[in-house]
Each structure stands twice: as C-alpha cells, then as structure tokens.
Amino acid sequence: MCWSATADLVAGTGIAAIGAACVARTRRTRDLPLAALPLLLGTHQIIESIVWRSGGGTGPATVAWAVIALPLLALWVPLGVLCAAPPHARHRLLIPLTVGAVTAASLASCLATRPVTAEIRDHTLGYVLDLPHSELLVVGYLVATVGSLLLSGDRLLRLLGVLVAVGAGVCAALWRLESVSTWCAFAAVCSVVLLGRARRRPPADPRTPAQNC
C-alpha cells in the first residue's frame, strides 16, 4: 500500500469508505469504536499520501501519521475490542487494554518530547523516532493490538488478529526499517474484515436501550 502518494491516497479513500459503511451498518453503540477502525486507518493512509508529497521530513503530516500509528492505535484497538466483545471475554481483555494504555502513554510522551522524521526509501516510507526501551514498547504495542483481537471471543475479530499478526511478521522480515509504515497499510487492508462483521449484526430491537462499553 505505501508504494507512492497515489497508492496511499487511492487505498486510503477506499478503506475510509468501507469504514463509513461499517459505521452506517452498526446497530449497537458499543460496536462503534471498532466499526470506525477502517475509517481511522483509511484516513491514516490519506495522511501518509501527504507525507509522500511533502518529501518526508518532520512536518505536521508526519507527526499526525505517527500519533495515529503509535499511541492512538495502541489504545483505540483494545478499547474498541473490549466494548464490542461478548460478556464472557471482557475480563481477559482488561490485560491488553491496560498494556495498551501504558504503551500509548509512553509513546505519546516520546512524540511530545522527541522529533519524528519520515524518510522516503525507494518505494517505501520509513519513520525515525528515538524510542527508549523500543523492544519493550513493540511487545506492549503488539499485545494491545494483536493480543486484544486474538482474545476477543469473536470469530471474525480473531481472524483479523491472525491476519495482522502474520502481516507484522512479514513486514518486519522484509522491510525492517519501514515495517511500521508497511504494517499499518497491511492492517488497514485487513480491517475490511470488519465490514463482514457489521453486516452480520441483526437490527437492534427498538425496545432495547443502546449499551455503552
């Protein structure tokens, strides 16, 4: 996905449209954060197209991309999964949510105090940010995002978790320095699984009040 500004723009627009469809089909309030994930990821790819056209660097688009990719997703995904999960799975989902909150706070602190730079490397973008204890932060990030999906108790969410876990491994192996960018693009494409989840939801009973997380 992140091979050029045009590729990111086209893909981002399509994925954002799928996210809008997911939100429109959602009947329960507590499903909205997860249903909106493709919308967020599509917007993320559109922002990266701006980074491409800016020639990389440390501008506002680079910072916005990093904020979404790092602290926001580390918190958004486990919180969205917790809200949407069946009751029997919610207790165990507190673990990835807690890990995600701590990881997001650490990443946000780094972004607030250290510069992040985008570098164009052939047909990929690499993002450079000096992260203390980077290995620990990567583990925490994966526990929060992939772990919450795998522990969700929902078949389609587990499938999404498997896909993004495989994608993380492939992107890390093939594009070591650009793995964050390529993995985010891969995760955005995989998030179309959520459209199938939104489609399978029965219409809400008007006599039943909406439930929040």
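Everything below is about the structure printed above this text.
Residues numbered from 1 in each chain as written. Predicted model: local features only at pLDDT ≥ 70, side-chain atom pairs only at ≥ 80, totals over all residues. Heavy atoms only, no water.

Caption draft 1: View of unusual backbone geometry. A positive phi is found at His133, a non-glycine position, where the angle reads about 55 degrees. By secondary structure assignment, the location of His133 is in the loop between strand E2 (124-129) and helix H6 (134-150). For His133, a relative accessible area of 63% corresponds to the exposed category. (Helix = DSSP H or I, 4+ residues; strand = E, 2+ residues; numbered from the N terminus. Buried < 20%, exposed > 50% of the residue type's maximum accessible area, 1.4 Å probe, protein only.)

Caption draft 2: Quick peek at the side chain of Ser152. Note that Ser152 resides in the loop between H6 and helix H7 (155-174). Side-chain polar atoms of Ser152 contact the backbone oxygen of Leu149, separated by 2.8 Å. Among the polar contacts made by the side chain of Ser152, one reaches the main-chain amide nitrogen of Asp154 at a distance of 3.3 Å. (Polar contact = N/O pair within 3.5 Å; in protein donor to acceptor, adjacent residues only side chain to side chain.)

Caption draft 3: Layout of the packing of helix H3 (residues 37-53) against helix H4 (residues 60-84). Between H3 and H4, the least distance of the axes is 8 Å, while the angle of their chain directions is 160 degrees. In this view, H3 runs roughly antiparallel relative to H4, as classed from their interaxial angle. Handedness of the crossing formed by H3 with H4: left-handed. On H4, the residues that touch Leu37, Leu40, Leu41, His44, Ile47, Glu48, Ile50 and Val51 of H3 are Ala61, Thr62, Ala64, Trp65, Ile68, Ala69, Leu72, Leu73, Trp76 and Val77. Broken down by class, the residue content of the contact of H3 with H4 amounts to 15 nonpolar, two polar and one charged. (Axes fitted to C-alpha atoms, helices over the stretch in contact; angles between N-to-C directions. Parallel < 35°, antiparallel > 145°, perpendicular 65-115°, else oblique. Left-handed = near helix turned anticlockwise from the far one by under 90°. Contact = heavy atoms within 4.5 Å. Nonpolar A, V, L, I, M, F, W, Y, C, P; charged D, E, K, R; others polar.)

Caption draft 4: Fine view of the packing of H4 against H6. Viewed as axis vectors pointing N to C, H4 and H6 meet at an angle of 30 degrees, and their least axial separation amounts to 9 Å. Considered as vectors, H4 and H6 are oriented roughly parallel to each other. Crossing hand, H4 versus H6: left-handed. Across the interface between the two elements, Ala69, Leu70, Leu73, Ala74, Val77, Pro78 and Val81 from H4 touch Tyr141, Ala144, Thr145, Ser148 and Leu149 from H6. Taken together, the residues of the contact of H4 with H6 sort by class into 10 nonpolar, two polar and no charged.

Caption draft 5: Fine view of the pattern of salt bridges. Applying the stated rule across the entire model yields two salt bridges. Its salt-bridge partner being Arg28, residue Asp31 comes within 2.8 Å of it at the nearest N-O pair. Accessibility expressed as a relative area gives 3% for Asp31, which makes it buried. Put simply, Arg114 and Asp130 hold a salt bridge, and the shortest N to O gap is 3.0 Å. Separated by 16 residues along the polypeptide, Arg114 in the loop between helix H5 (90-113) and strand E1 (116-121) and Asp130 in the loop between E2 and H6 bring together distant segments of the chain. (Salt bridge = Lys/Arg side-chain N within 4 Å of Asp/Glu carboxyl O.)

Caption draft 6: Representation of the nonpolar core. Among the nonpolar cores identified, the biggest contains 50 residues, and Leu34, Leu37, Leu73, Leu149, Leu160, Val164 and Leu194 are the most heavily contacted of them. Considering every element that reaches this core, the biggest residue donor is H4, with 12 residues. Each residue touching Leu160, except ones within four places of it in the same chain, is listed here: Leu149, Cys190, Ser191, Val193 and Leu194. (Core = buried A, V, L, I, M, F, W, Y, C linked by side-chain atoms within 4.5 Å.)

Caption draft 7: Up close: the packing of aromatic side chains. Summed over the entire model, instances satisfying the criterion amount to one aromatic pair. Note on Trp65 and Tyr127: the rings are 3.8 Å apart at their centroids and 0 degrees apart in plane angle, and the pair reads as stacked. Linking Trp65 in helix H4 with Tyr127 in strand E2, this pair joins segments that are 62 residues apart in sequence. A relative accessible area of 14% places Tyr127 in the buried class. (Phe/Tyr/Trp six-rings, centres within 6.5 Å; stacked < 30°, edge-to-face > 60°.)

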